[in-house]
Amino acid sequence: METFDPETFGLLNAHDYDERNDPGTTEAEVALIQEIAGSGDVLELAIGTGRVAVPLAQAGVNISGIEASQPMVDKLREKPAGRDIPVVIGDIAEVSIDGMFDHIFLVFNTLFNLQTQREQIRCFENVSKRLREKGTFLVSAFVPDFNAFQSHQRVGIRQMRQDSVWLDACQHDPVDQILEFQRIHLKEDGLRLVPLRLRYVWPSEMDLMARLAGLRLKSRWGGWDRSEFDAASKMHVSVFEKAHA
Ligand SMILES: C[S@@+](CC[C@H](N)C(=O)[O-])C[C@H]1O[C@@H](n2cnc3c(N)ncnc32)[C@H](O)[C@@H]1O
């Protein structure tokens, strides 16, 4: 696949992101993040259209965001509670924003949008620099699962309706830990392709990235309901805290 730079996701997805990307956990995500954030200053990395940030702002959380894609931020600004959320257009690997924060979060597998291990480590390091003492960094991501793959490939149905189908074609590069997707929407009147390229990270590798950045794992759950994280978990919600010097 050609390069997948920080702005590519928004160019391909912004116009119908909210209709197509409801993970069904938004309420639970907001509740847990709100509980962790309390009255502190909060930063969402890759704020997108504000799926999580808008309800947090409505609940009175003092939230700011960083986002690479202006079209995604334009969608955020269409929502009344999203108009006044401070957002810096920038790269989540750099975290170039003024101020210090009590809580930073990066949800919906978006750490994996950073295309190399080096960029992902840079993200952890720069988050650590922006966290106040006792500050926390929450990351949610899927746990890679290759059961359905054959010869490093799989094709599956994502959504089927009477007049259309979304198919997911995926290729796995286990050396660089890359998943290349082509989301294919087939309808009677045409075809749409929505590519996505992710560099996945194992939970154990994430813990090492955190350690390199002076952070350590505080909690890890297998879901937004704080269920136990175990070998059957499909995703994890991990909270890192600034390690004492
Ligand atoms: C899956 S969406 C998540 C949006 C939002 N956090 C949510 O949970 O709905 C991924 C977001 O990451 C943004 N993004 C991807 N790479 C980025 C980067 N390097 N820096 C900043 N934003 C990036 C995309 O533009 C998109 O808004």
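Residues numbered from 1 in each chain as written. Predicted model: local features only at pLDDT ≥ 70, side-chain atom pairs only at ≥ 80, totals over all residues. Heavy atoms only, no water.

Caption draft 1: Broad picture of the site of the ligand. Residues in contact with the ligand amount to 20 residues; listed here are only the nearest, Y17, E44, A46, R51 and E67. R51 has a polar side-chain atom sitting 2.9 Å from an oxygen atom of the ligand. In the environment of the ligand, a nitrogen atom lies 3.2 Å from a nitrogen or oxygen atom belonging to the backbone of A68. Taken by itself the ligand offers 590 Å² of open surface, and the protein chains cover 97% of this. Looking at side-chain class alone, the shell around the ligand contains eleven nonpolar, five polar and four charged residues. (Near = heavy atom within 4 Å. Polar contact = N/O pair within 3.5 Å; in protein donor to acceptor, adjacent residues only side chain to side chain. Areas by Shrake-Rupley, 256 points an atom, 1.4 Å probe, with all protein chains shown as cover. Nonpolar A, V, L, I, M, F, W, Y, C, P; charged D, E, K, R; others polar.)

Caption draft 2: Molecular detail of the sheet that holds strand β8 (residues 178-187). Taken together, four strands build an open sheet; the order of strands is β6-β7-β8-β9 and the sheet is antiparallel. Only two strands of the sheet have a single neighbouring strand rather than two, namely β6 (153-161) and β9 (190-199). The sheet shows a mean angle of 15° between the axes of neighbouring strands, direction not considered. (Pairing = 2+ DSSP bridges. Helix = DSSP H or I, 4+ residues; strand = E, 2+ residues; numbered from the N terminus. Axes fitted to C-alpha atoms, helices over the stretch in contact; angles between N-to-C directions.)

Caption draft 3: Quick peek at the domain arrangement of the protein chain. Under the domain assignment, the protein chain is made up of domain 1 (8-143 + 201-242) and domain 2 (153-198). The straight-line distance from the C-alpha centre of domain 1 to that of domain 2 is 25 Å. Tallying the contact residues gives 13 residues for domain 1 and ten residues for domain 2. Around 940 Å² of area is buried between domain 1 and domain 2 when both sides are counted, 50% of it from carbon and sulfur atoms. (Domains from an automatic or database assignment. Contact = heavy atoms within 4.5 Å. Buried area = accessible area lost by both parts, 1.4 Å probe.)

Caption draft 4: Expanded view of the packing of aromatic side chains. According to the stated counting rule, one finds eight aromatic pairs in the structure shown. The interplanar angle of 85° and the centroid separation of 5.6 Å between the aromatic rings of F124 and F240 together place this pair among those described as edge-to-face. Of this pair, F124 sits in helix α6 (residues 117-130) while F240 sits in strand β11 (residues 235-242), and the two are 116 residues apart along the sequence. One aromatic cluster in this structure is built from F146, F149, Y200 and W202. Of note, R183 hangs over the ring of F181, and the distance from its end group to the ring centre comes to 5.1 Å. Taking the ring centre of F229 as reference, the NZ or CZ of R220 above it sits at 5.9 Å. (Phe/Tyr/Trp six-rings, centres within 6.5 Å; stacked < 30°, edge-to-face > 60°. Lys NZ or Arg CZ within 6 Å of the ring centre and 35° of its normal.)

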